[in-house]
Amino acid sequence: MSRWKASQPKRSVGGLAKLRPSSRRLSAFELDLYDHISPELRAKTRLISVPFIPGGYDGMTLGPIVLLKQSLSTDAYSVLLAHELVHVRQWKELGARRFLSSYLADFVKGLKTHRSWRAAYRSIGLEVEARDLAGEWQKRHSSAR
Ligand SMILES: [Zn+2]
């Protein structure tokens, strides 16, 4: 490394680092908190913080990997993580092929019924379950505060 590079301001390096995806497991606190899926699945889950997700989504789950947008507020982050962890369980139970075929079949059916991208997405059975269970999880944890 040259002397010139070494003397670059740290702030700009940190700024770039924020845009870079970072990956981690759930913290000890989160392992305790997200009690709506099994401890084994919580321990296997890997969280990847990303600057953006295509399609304008805030989160996305692929098997045990959860992508979460970096710019979320703390509250939005925790409820979204609860939601995405339901998808981790669904992936585990169904396997990739059945998860994706069920998801797509419901989406196409929803598009035909509702004629709306958003309504079709909301009608996907796996999304309905994830929303419901994350909502229940949120109620249990907000009343306990
Ligand atoms: Zn979802």
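### So, the pairing of strand β4 (residues 65–69)
- When strand β2 (residues 46–50) meets β4, the two strands line up parallel, connected through five bridges. In the sheet register, Val50 faces β4, and the bridge partner there is Lys69.
- Across four bridges, the pairing between strand β3 (residues 59–62) and β4 is antiparallel. Looking at the pairing, Gly59 lines up with Leu68 of β4.
- With antiparallel pairing between neighbouring strands as the criterion, β3 and β4 make up a hairpin whose turn holds two residues, including Gly63 at a positive phi of roughly 60°.

### Overview of the nonpolar core
- In terms of nonpolar packing, the biggest core is built from 14 residues, with Val66, Leu68, Leu81, Ala82, Leu85 and Ala134 touching the most fellow members.
- Those elements that place two or more of their residues in this core are β4, α5 (74–114) and α7 (125–143).
- Among the elements that make up this core, the one with the highest residue count is α5 (six residues).
- Other than its neighbours up to four places away in sequence, Val66 contacts Thr45, Leu47, Ile48, Gly59, Thr61, Glu84 and Val88.

### Some remarks on the confidence of the model for the chain
- With 85% of its residues at a pLDDT of 70 or more, the chain has an overall mean of 89.
- The low-confidence segment residues 1–12, where pLDDT is below 50, has two contacts with residues more than four positions distant or belonging to other chains.

### Regarding the environment of Ala96
- Within the secondary structure, Ala96 sits in helix α5.
- You can call Ala96 exposed: it has 10 C-beta atoms within 10 Å.
- Residues in contact with Ala96, not counting those within four places in the same chain, are Gly63 and Trp91.

### Regarding the sheet that holds β2
- Taking strand neighbours across the sheet as the criterion, the four strands line up as β1-β2-β4-β3 in an open arrangement whose pairing is mixed. Because the sheet does not close on itself, it has two edges, and the strands there are β1 (22–25) and β3. In this sheet, neighbouring strand axes are inclined to one another by 20° on average, regardless of whether the strands run parallel or antiparallel.
- Where β1 and β2 come together, four bridges link them in antiparallel fashion. Residue pairing for β2: Arg25 is matched across the bridge by Arg46.
- Along the sheet face, α5 touches β3 and β4 and points at about 20° away from the line of β3.

What counts and what doesn't
- Every chain begins its residue count from 1, and numbering advances along the sequence as written.
- Owing to the predicted nature of the model, reporting of local features is limited to residues with pLDDT of at least 70; listing and counting of side-chain atom pairs is limited to 80 or more, with chain, interface and lining totals taken over all residues.
- Pairing between strands is defined by DSSP: at least two bridges between them are needed.
- Put simply, DSSP H or I for four residues or longer makes a helix, DSSP E for two residues or longer makes a strand, and each gets a number counted from the N terminus.
- Any set of buried Ala, Val, Leu, Ile, Met, Phe, Trp, Tyr and Cys residues joined through C-beta atoms within 7 Å is what this text calls a nonpolar core.
- For every residue, the other C-beta atoms within 10 Å of its own C-beta are counted; 20 or more classify it as buried, 12 or fewer as exposed, and values in between as partly exposed. C-beta atoms are placed from the backbone.
- Contact definition: two residues whose C-beta atoms, as placed from backbone geometry, lie within 7 Å.
- Values of pLDDT, the confidence the predictor places in each residue, fall between 0 and 100.
- Fitting a line to C-alpha atoms yields each axis, with helices limited to the stretch in contact; the angle taken between N-to-C directions then spans 0 to 180 degrees.

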